[in-house]
Structure formats: structure tokens, C-alpha cells
Amino acid sequence: MAAEEARRRVIERVRERVTPDADEREAMREATATLVSRIEAELDALPVEADVVQVGSTARGTWLAGDRDIDVFVRFPPSLDRATLERYGLEIGNAVLPEGHEEYAEHPYVTGEFAGFDVDLVPCYDVAEGSALQSSVDRTPHHNAYLRAHIDDDLAGEIRVFKQFLKGIGAYGSDLRTRGFSGYLSELLVLEFGDLDSLLAAAADWHPPVAFDPEGHATTEHDDPLVMVDPTDPSRNVAAVCSAENVARLQHYAREFRADPREALFEPREPEPLDAEAVATHVERRGTTPVAVVFDAPDVVDDQLYPQLEKSLSGIRDALDRRGFDPLRATALADDRAALFVELAHRTLPTVERHEGPPVRVRRHAEGFADAYADRSGERVDPYGPFIDGDRYVVERERDFTDAVAFLKSEELFSVGLGAQVETELENDYEVLAGDEVASLAAEFGTELARYFAPRP
């Protein structure tokens, strides 16, 4: 009972701190009402029937104190063609947010500032729940309606504290850089368990894959560590973007909170950025060889950039691993430039590598292996073998690359499965840094390198 009371005290203190006060709520209401009124005035001039709906955490009363985001969707009839919907959406957005700018997700929308709030004004189709979506954002108003029908003020308070907990542990956000818990997923999880303490108690004991289906209507199997079937779409996993790492992170800190409840767990921790000297010291102390492929970052939004960086990093890491350089860890860094950073146990390797064939007793495969290597005359270096070592055929053959840097500077780099726009930038120009040369990255990526060299759960 004492432990439960201690957790509850911490939750209540955080809850008080992250709940918007009366002034903030009133400012939000006034800004939203004015926005909606202006959008409706623009809609009156259009030759179609459309309406406006506020969505997201501010519509549901689950936003955190200090958050300044308003999301408004303009719903058009499903009969409207896509090009016209996009044109109307941009016309309205630019009229209501004249200082804003256009961004693009599945289709263009306008984002800007209004009365001190950051506003996204998004067009969508007004489709019935469960009907065929014409755009992925069409389901968002249904998410909003579902949660508004199920969340009361007390549950909203628990949701805010959970969101703050996820922010504190670095697992909040469904963007493709973070691959964490979205606001919608966070709200559904608290709704599933009724309060934060019960949710964290359950998460501490999860054995992924873990699945929840609030409406008991799932129609699709999902191969994800966490599954939350969308209450408004039986085929969709709300948690599909959430990485196994972030599910594990939630489990780790749920156990931390239950063992030692403290407000510090709810506070994001940004490490002090490393300077070049500190990076060089880490490299020397570890005795490894970090390498980095550095290039101009493609000019695309983060949700397009980071999947390409991760694909490219995976390709490079796997290629280095197959060639025997033994990567320890790897990370992708991006700002104006990008760096694919891989820490290697070895930069250089012997000229020859061992290649094992099948056991001699497996006649057909063994004879095929022996025949393949029996005559190598005319090549640059004859392999050693085939010979028998133990009970199997073995050859020792010359490596294509004995230096990891030589591989990264070669045309072979372009055979590893790079992201399309990353590959284009590499074709234009790139450099390879090795060893303590990576210290020069600290000027641009000091915080990211601090996270790398001092990792936490």
C-alpha cells in the first residue's frame, strides 16, 4: 500500500504540473472558435458542402500544458475529386493562415501560426466510419469522435501524465525518426487500463507481441511487437509504427517507476553535446574504429528522410559485417549534412579469409565445392585449397577489401541497398571519416554523439 501511495503522489504532482490552467484553456477555446469561424466563412464561398472539425489532443482535452498545437480538418464530400480537394484545402488554408506555408504528407496542407498557436489545417474526405478511405487522414475525425465519447476529465488527466512519461523516456511521437507512441495510441492504452499506474504495472510484465482490440473486431493479423487494433478501423494497427526498441523502453521505465517512483522519470534528459576533443577521447578509450559516410542531407521532410537513412545504414552495416569488419553499433545522423556512422571492431583485416565448405561425407555438395575451387589458375592469387580441415573442405581466399574505408570509397558501396535519394546524394559527393577523424562531426552532431557514446535505456 505504501508503494502504491508513493506512485500515486508522484502521478498527482506531475498531473497538476501538466494540466493546462483556466487561462490557457480559454485562450485555446477563443483561438479555435475564431479559426473555425474564418474557415466556415471561406467554405461558404465554395460550390460544395463541407464542414470543419477540430481534432487531436486539444479537441479531446488531453493536451499538455504549454503545448500550442491546434489541428483542424476540413471535411469534403467523397464525390469530390482528389485534385479539387487539394486545391480547395490549400485555398482555405492560405486564406486563413496567410503567413503560413504548405507542407505535404499524403496530400498538401497548410501549417502556420494563429493567435500564438501552431495550426495544421488539413483537408480530408467525410467518409462513414468503416467505409473505404480515400485518404489516410480520413479516419482522424473518427478517432476524435471515438475518444471524446470515452474519455472523461479524470481519464484525460491520466492520459496527460502518460504522455509526459513517454516524453521523459524519449518514446513519444509517431514520426519515423522517433517511431514511438502516438498521442492516439497513448490515449487508447490509458483507456484500456483505466489509469496510468495500472497501465505501467501491465507494461512492466508484457511479453511482446502484445495485442489489444478495444472493440473486439479485428480482421487482420499483425506482425508487430505491440498491436492496438483501431476501434474505428478493424484492419489497422495503431501501434504499427512503434518500434520494438520503444516498446522495450516503456517496459524498462515502467519497472523503474514501480521500483522507485520519482518525478525525474517524467522529465526529458538531453545530454550535454560533446566537443571534438571529447569524441576523440571516447574513440581512443574504446579502441574501436568508427567510420562515417558523410554527405549533404536530401532536401525532404523527416518522415521521408529517416526511413531512407535507416535503409542505407542497414545496408552499409550488413555489408561491413559480411566482410568481417565486425560492426558493434551504428546510427544515422542528420541536419544540413547526414552521416551514416558505424563503429567497427576492426578497420583492417588479413589478406585472406577462411571459407568453409560442406563436410566431405556429404558427397554431392562436397564434390561440387571441391571442383569449384580445384583450378583457379589465371586469377590474381590462387586460393589456399581446397584442403581438408577436420571433416570438411576449406579454402582460404583473398578478400575483395582488407580495409573498411577502401570498401566505403569504392563503387561497391552502391550495391548495398541504399535509399533512393541518399544514393543520389552519394553519387554527387561524399566523404569517409575514420577513427578520430569522426571527431569533426561534433560541431554539427555533438548531442547525437553524446547519446551514442553514453547510451541509456
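Scope of this entry: the structure provided in the associated data block.

Each value, and the rule that gives it
- Residues numbered from 1 in each chain as written.
- Predicted model: local features only at pLDDT ≥ 70, side-chain atom pairs only at ≥ 80, totals over all residues.
- Heavy atoms only, no water.
- Helix = DSSP H or I, 4+ residues; strand = E, 2+ residues; numbered from the N terminus.
- Buried < 20%, exposed > 50% of the residue type's maximum accessible area, 1.4 Å probe, protein only.
- Areas by Shrake-Rupley, 256 points an atom, 1.4 Å probe, with all protein chains shown as cover.
- Lys, Arg positive; Asp, Glu negative; His and termini not counted.
- Charge placed at Lys NZ, Arg CZ, Asp CG, Glu CD.
- Pairing = 2+ DSSP bridges.
- Axes fitted to C-alpha atoms, helices over the stretch in contact; angles between N-to-C directions.
- Contact = heavy atoms within 4.5 Å.
- Parallel < 35°, antiparallel > 145°, perpendicular 65-115°, else oblique.
- Nonpolar A, V, L, I, M, F, W, Y, C, P; charged D, E, K, R; others polar.
- Phe/Tyr/Trp six-rings, centres within 6.5 Å; stacked < 30°, edge-to-face > 60°.
- Lys NZ or Arg CZ within 6 Å of the ring centre and 35° of its normal.
- Patch = residues over 30% accessible without salt bridge, like charges linked within 9 Å, V, L, I, M, F, W, Y side chains within 5 Å.
- Salt bridge = Lys/Arg side-chain N within 4 Å of Asp/Glu carboxyl O.
- Core = buried A, V, L, I, M, F, W, Y, C linked by side-chain atoms within 4.5 Å.

Here's the deal with the overall build of the protein chain
Here's step 1: In terms of regular secondary structure, the protein chain is built from 15 helices and 15 strands.
Here's step 2: Across the 457 residues of the protein chain, 46% fall into the buried class.
Here's step 3: Just so you have it, the protein chain exposes about 22200 Å², and 45% of that area is on carbon and sulfur atoms.
Here's step 4: On the protein chain, the mean spot of the 48 positive side-chain charges and the mean spot of the 92 negative ones are 6 Å from each other.

Topic: the sheet that holds strand 7 (residues 226-230)
Here's step 1: A sheet is described by the order of its strands in space; here three strands give the open sequence 6-7-8, paired in mixed fashion. Each edge of the open sheet carries a strand with a single partner, namely strand 6 (210-212) and strand 8 (233-237). Averaged over all adjacent pairs, the angle separating strand axes in this sheet is 20 degrees, with direction ignored.
Here's step 2: Looking at chain direction, strand 6 and strand 7 are connected through three bridges and run parallel. Looking at strand 7, one finds that phenylalanine 212 is bridged to methionine 228.
Here's step 3: The strands that helix 7 (residues 183-193) touches are strand 6, strand 7 and strand 8; relative to strand 7, the one it contacts most, it runs at about 90 degrees.

A few points about the packing of helix 11 (residues 302-322) against helix 14 (residues 420-428)
Two quantities define a packed helix pair, namely the angle between the axes and the distance from one axis to the other.
Here's step 1: Packing of helix 11 against helix 14 leaves a shortest axis separation of 8 Å and a crossing angle of 70 degrees. With respect to their mutual orientation, helix 11 and helix 14 come out roughly perpendicular. In this structure, helix 11 contributes Gln308, Leu309 and Ser312 to the contact, and helix 14 contributes Ala420, Gln421 and Val422.
Here's step 2: A class-by-class count of the residues in the contact of helix 11 with helix 14 yields three nonpolar, three polar and no charged.

Description of the packing of aromatic side chains
Here's step 1: Counted according to the given criterion, the structure contains 12 aromatic pairs.
Here's step 2: Aromatic pair phenylalanine 257 and phenylalanine 266: ring centres 5.7 Å apart, planes at 85 degrees, arrangement edge-to-face. Accessibility assignment for this pair places phenylalanine 257 and phenylalanine 266 in one class, buried.
Here's step 3: Taking 5.1 Å as the distance between ring centres and 65 degrees as the angle between the ring planes, the aromatic pair formed by phenylalanine 341 and tyrosine 452 counts as edge-to-face. With phenylalanine 341 in strand 11 (residues 337-344) and tyrosine 452 in helix 15 (residues 442-453), this pair connects stretches of sequence that are 111 residues apart. We note that phenylalanine 341, like tyrosine 452, is buried.
Here's step 4: Three or more aromatic residues joined by ring pairs form one cluster here, namely Phe165, Phe257 and Phe266.
Here's step 5: The aromatic ring of phenylalanine 117 is capped on one face by arginine 68, whose charged end is 3.9 Å from the ring centroid.
Here's step 6: Residue placement shows arginine 329 over the ring face of tyrosine 452; its charged tip is 4.0 Å from the ring centre.

Here's the deal with the packing of helix 7 against helix 8 (residues 196-204)
Here's step 1: At a minimum axis separation of 8 Å, helix 7 and helix 8 run at an interaxial angle of 95 degrees. On the basis of their axis angle, the class for helix 7 and helix 8 is roughly perpendicular. Of helix 8, the residues touching helix 7 (which contributes Leu189, Val190 and Phe193) are Ser198, Leu199 and Ala202.
Here's step 2: A class-by-class count of the residues in the contact of helix 7 with helix 8 yields five nonpolar, one polar and no charged.

Some details on the sheet that holds strand 9 (residues 289-296)
Within a sheet, neighbouring strands are paired by backbone hydrogen bonds and run either parallel or antiparallel to one another.
Here's step 1: Taken together, four strands build an open sheet; the order of strands is 10-11-9-15 and the sheet is antiparallel. Each end of this open sheet is capped by a strand with a single partner; those strands are strand 10 (327-334) and strand 15 (431-434). Here the average twist between neighbouring strands, direction ignored, is 15 degrees.
Here's step 2: For strand 10 and strand 11, the ladder comprises seven bridges, and the chain directions are antiparallel. Counted as the bridge partner of arginine 329 is glutamate 343 from strand 11.

Focus on a negative patch on the surface
Here's step 1: On the surface, Asp296, Asp335, Asp336 and Asp429 cluster together into a patch of negative charge.
Here's step 2: Within the secondary structure, aspartate 336 is located in the loop between strand 10 and strand 11.

What to know about the nonpolar core
Here's step 1: Ranked by internal contacts, the top residues of the largest apolar core, which has 43 residues, are Trp206 and Leu250.
Here's step 2: Put simply, the parts of the chain that give this core at least two residues each are helix 1 (2-18), helix 5 (140-150), helix 6 (153-169), helix 7, helix 8, strand 6, strand 7 and helix 9 (244-259).
Here's step 3: It is helix 6 that provides the largest number of residues to this core, a total of eight residues.
Here's step 4: With near-sequence residues (within four places) excluded, tryptophan 206 lies in contact with Leu189, Phe193, Leu199, Phe212, Leu226, Val247, Leu250 and Gln251.
Here's step 5: Counting 34 residues, the second-largest nonpolar core is a separate cluster that includes Ala297, Val300, Phe401 and Phe407.

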